[in-house]
Structure formats: C-alpha cells, structure tokens
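# Inside the fold
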Amino acid sequence: MERRSFLRNAGLAGILAAGTAPAIVSAQQNIRWRLASSFPKSLDTLFGGAEAFAKNVSEATGGKFTVSVHAAGELVPAFGVVDALQQNTIECGHTAPYYFFGKDEAFALDCAIPFGMNARQMAAWMKEGNGLKLLREFYAQYNIVNFVMGNSGAQMGGWYRKEIKSVADLNGLKIRIGGFAGRVISKLGAVPQNIPAGEIYQALEKGTVDAAEWIGPYDDLRLGLHKVAKNYYYPAWWEGSTQFSLLVNSKAYNALSNEYKAIVDHAAADAHLEVLARYDAHNPTSLKQLIAEGAKLQRLPKDVMDAAFKASREVYADLNDKNPQWKKIYGDYSRFQADAYQWQGIAEGSYDQYMSAQKL
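Let us look at the structure shown here. If you're wondering where the values come from, they're calculated on a predicted model, not measured in any experiment.

Conventions adopted
Residues numbered from 1 in each chain as written. Predicted model: local features only at pLDDT ≥ 70, side-chain atom pairs only at ≥ 80, totals over all residues. Heavy atoms only, no water. Pairing = 2+ DSSP bridges. Helix = DSSP H or I, 4+ residues; strand = E, 2+ residues; numbered from the N terminus. Axes fitted to C-alpha atoms, helices over the stretch in contact; angles between N-to-C directions. Contact = heavy atoms within 4.5 Å. Salt bridge = Lys/Arg side-chain N within 4 Å of Asp/Glu carboxyl O. Core = buried A, V, L, I, M, F, W, Y, C linked by side-chain atoms within 4.5 Å. Buried < 20%, exposed > 50% of the residue type's maximum accessible area, 1.4 Å probe, protein only.

All right, on to the sheet that holds strand β1 (residues 31-37) then. Ordered by their spatial adjacency, five strands build an open sheet running β2-β1-β3-β10-β4, and the pairing between neighbours is mixed. Edge positions in the sheet fall to β2 (65-70) and β4 (144-151), since each has one partner strand and no second. Along the sheet, successive strands turn relative to each other by an average axial angle of 25°, direction set aside. Pairing between β4 and strand β10 (residues 243-249): six bridges, direction antiparallel. When the bridges of β10 are listed, Val148 appears paired with Ser245. Contacting β4 and β10, helix α5 (residues 119-127) runs over the sheet at an angle of about 150° to β4. Its contacts with the sheet put helix α6 (residues 131-139) on β4 and β10, and the angle it makes with β4 is roughly 130°.

And the structure:
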C-alpha cells in the first residue's frame, strides 16, 4: 500500500476505534502546527520525511489537523529547533538530536554515537527495549515529547582533499563532522567543525574545512561534494546509523485528544520507514554515479578505526563519571547493543558478508 493512502484507507481502522473513528475525527477542532526542520529542501529524503509526516496527519484527519513544514532557517536556524520548542515558538521539529549534545551529551543517544547501533538495532531498542522509555524521561526535562522519524542506515566516512593513510594524517585536519562525534575525533588530533548541511559545499570548496561528511551517496551527490574533494572514505565509524526525531512541544502534544496523539505516533512511524527505505533504495545507484564522476572510493585504514574505537571508549567512560543522564541511558544502550551484535554477527553479518562477495 502506498504511503499516501496508508492512513486514509487502513490507518483509521488501526489507529482509531473501528466504526467510531470518523465521528471522533470530525468532532475534533481544527489544529495547525508548525514544524521546523533542521534540513534544507534540497535534501529531499530528510526534508521529505517531515513532509510525509504532515501529509499523513492531514489525510488521517480529513484536513482538520495540518502541519506546515519549514526548511532550516525559515522559522528558526538549523540548530535552533530545541530552543524554539522550549520557548513555545513552534509546535514540533524534525532534526538530528545529536546537534544538541552541547546542552547534554545524552541527546546523542537518540541519534548516533561513534561505534553505536545500526538501524535495525536502534529500532529494536526503541520499540522493544527501554530506549523510548528512557529518552521520553530525558526529553521531559525540556518539555519535549520525542518520536522516531527516519534513519539513514550506516553512513559513509566523507570526502577528503588528501588521502588518509594512517591515523597520523588526521592530525590538524579540519573536518566537518556531525555533532557528538567531534568529541572523539578531536582526541585523534583532528579539528571538528559542526556545519549545517546547506553550508557544507561552500566550506569544502573554500578550504574552510579539509574534509567533510554528510550522510551517504544519495545526499552527497545532491550536495555535489565529489566536485570539491575526490577521496571518498568508508565507513563512518561515528554513524553506524543515524536516527532522526520528531520533537514535539509537550504543551502542544498534551492538548491533543488521544486519537490525535495516536495519529501523530503512527504518522511519524510511517515517515520513519519511508526515510530509511529511500536511502536504501537510492544509495546504490548514487554510489555508482559518484564513482563514474571521479570519486575515489577507499576504506579507512584499520589503525584509524582502532584508534577511534579506543578514543570513543575513553569518552564514554569519562561521561559515565560526569553525566548522570548519560550514564543512565548509555548503560542500557550498551547492554542492548552487545547482545544485538552477538546475534547479528552470527546471522545477518555472516550472511551479508557471503552475499556481498557473490556475483549477482
């Protein structure tokens, strides 16, 4: 079933009480929300996730509940979403929560941390583990209710002007890297820069940074990063997956009826699947195009991976001592991850390794 009809044709039967749903919906007052995205319209997969959410909500309520979607900078800056929610300036936002690790490092656990979980593991932790419960408790301090809304899957390690042959080549390297990962890469001698997506190309072109990462082939191609740096590395050890979130002002959310709350939940869940599916569908062909246009695909040296892993564990140990919020959530996160990789290494990992070596 197409996304655009999931709520209209089937969702009301599943989300609301069968038979009484149309009457309940029609009885609701008209509601208008503003959604501030941290992403530009040019990144149609990420920005499109917010648009999908808004469309789902409108269709499920017969247009009585509408959400206007605004690109980064239209209502608030890309990194201003959380402040705007706390100040009641907007009703909701779509963002990568690790952008706000400066407020509290625990924000990153709702998004991505170096050597963290992959997309399926994150989904399992959030849905069947304690992830959503723990993060809802954390966000309550900011008067925010969080919903999973998108995942990139495993990301690429970015674009570099010069080749990275060993960990020593990171020393002094100015790299645009998202959020919390800067804490780790700085321990390797690099100089992290947190730059919004819409400004990455210019920073790399002008030499403001020596390297830059975003997400992966589909978005990197749209941003044109291969035109200003040819060395394309993988994997992004800092983002085994990146989970994006719909953050809702708690006052606005609590004002909704139970039926409308359920619609928000299911509309976000559908948008989450759409974002992940689009990346998985478009990254393979985009990678082929990038290589055809001169990208030099290379794997990060093992000593870089090993040094980064060691540094990440040092950062986490330090946070466990200093940040109670981090310690509480990360303790559960890390236990879940350890069990998940034991299983996936046996099943998924071995299967994928074999299949990727075959001629299909």
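Before going further, it helps to spend a moment on the pattern of salt bridges. One pass over the structure, following the stated rule, counts 16 salt bridges. Between Lys41 and Glu74 there is a salt bridge whose closest N-O contact spans 3.6 Å. One end of the pair, Lys41, is in the loop between β1 and α3 (44-60); the other, Glu74, is in the loop between β2 and α4 (81-86), and 33 residues separate them in sequence. Sharing partners across several salt bridges, the network here consists of Asp44, Arg222 and Arg278.

Moving on: the sheet that holds strand β6 (residues 174-176). A sheet is described by the order of its strands in space; here six strands give the open sequence β7-β6-β8-β5-β9-β11, paired in mixed fashion. Each of the sheet's edge strands pairs with one partner strand only, and the pair in question is β7 (191-193) and β11 (296-299). Two strands pair when backbone bridges link them, and strand β5 (residues 158-160) and strand β8 (residues 211-212) are joined in this way by two bridges, in the antiparallel orientation. By the bridge assignment for β8, Tyr160 is matched with Ala211.

Attention shifts here to the nonpolar core. Membership of the largest hydrophobic core comes to 84 residues, with the highest contact counts inside it found for Ile113, Phe180, Trp214 and Trp237. Take this core: its biggest share by element is six residues, from helix α12 (residues 302-322). Contact partners of Phe180, with chain neighbours within four places excluded, come to Tyr98, Phe101, Glu105, Ala108, Ile113, Pro114, Val315, Tyr316, Leu319 and Trp326. With 29 residues, the next largest nonpolar core counts Ala52, Val67, Val248 and Tyr253 among its residues.

Further remarks concern unusual backbone geometry. Omega for the peptide link from Tyr234 to Pro235 comes to -5°, which places this bond in the cis form. Residue placement: Pro235 occurs in the loop between β9 (231-234) and β10. Located in the positive-phi region is Phe115, a residue other than glycine, with phi close to 55°. Relative to the elements of secondary structure, Phe115 occurs in the loop between β3 (92-95) and α5. Its relative accessible area of 18% is what places Phe115 among the buried residues.

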